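As a plain string of letters, each chain reads:
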Amino acid sequence: MSAAVTEATFDELVLKSDKPVLVDFWAEWCGPCRAVGPILDKIGEENSDKITVLKLNVDENPNLAMKYQITSIPAMKVFQGGDVVKTVIGAKPKPALEADLAAYLA
């Protein structure tokens, strides 16, 4: 399972990271979030040298959810150099997510 990030650790783990970071904005009650979680875990494991995959619970971290305008989940945002460089909304199968993230997995 991907590591969790919180408001307390967000700057250090996401914004100051040397490599791209995919943040999975999710919630316990969200069925599609639970479906896409293991897929993101697998992508993170297979590409750990290229991208870091972290999970952020929107119920436990509402300020970050609001800051990054999370209106539907699952929402995945790729951060690079402290900025959002890619947003993916909704649960997708692994090949579709890998295609969306191809620029960061190459």
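Above this text you will find the structure in question.
Residues numbered from 1 in each chain as written. Predicted model: local features only at pLDDT ≥ 70, side-chain atom pairs only at ≥ 80, totals over all residues. Heavy atoms only, no water.

**Student:** Could you give an account of unusual backbone geometry, naming the residues involved and the relevant values?
**Tutor:** In this model, Ile73 is joined to Pro74 through a cis peptide bond whose omega is 0°. Tracing the backbone shows Pro74 in the loop between α3 (62–67) and β4 (75–80). Positive phi, normally seen in glycine, also occurs at Gln69, with a value near 50°. Within the fold, Gln69 resides in the loop between α3 and β4. (Helix = DSSP H or I, 4+ residues; strand = E, 2+ residues; numbered from the N terminus.)

**Student:** Give me the lowdown on the nonpolar core, citing residues and values where you can.
**Tutor:** Phe10, Val14, Val23 and Phe25 are the most contacted members of the largest nonpolar core, which has 21 residues in total. The biggest single contributor to this core is strand β2 (residues 21–26), with four residues. When sequence neighbours within four positions are dropped, the list of residues in contact with Val14 reads Val5, Thr9, Val21, Val23, Leu54 and Phe79. (Core = buried A, V, L, I, M, F, W, Y, C linked by side-chain atoms within 4.5 Å. Buried < 20%, exposed > 50% of the residue type's maximum accessible area, 1.4 Å probe, protein only. Contact = heavy atoms within 4.5 Å.)

**Student:** Can you break down the state of the cysteines residue by residue, with the values?
**Tutor:** Disulfides are covalent bonds that link the sulfur atoms of two cysteine residues. Considering all chains together, one arrives at one disulfide under this definition. Covalent S-S linkage joins Cys30 and Cys33, the inter-sulfur distance amounting to 2.3 Å. Sign of the S-S torsion, about 80° for the bond between Cys30 and Cys33, identifies this disulfide as right-handed. Across the pair, exposure class does not vary: Cys30 and Cys33 are buried alike. (Disulfide = S-S within 2.5 Å.)

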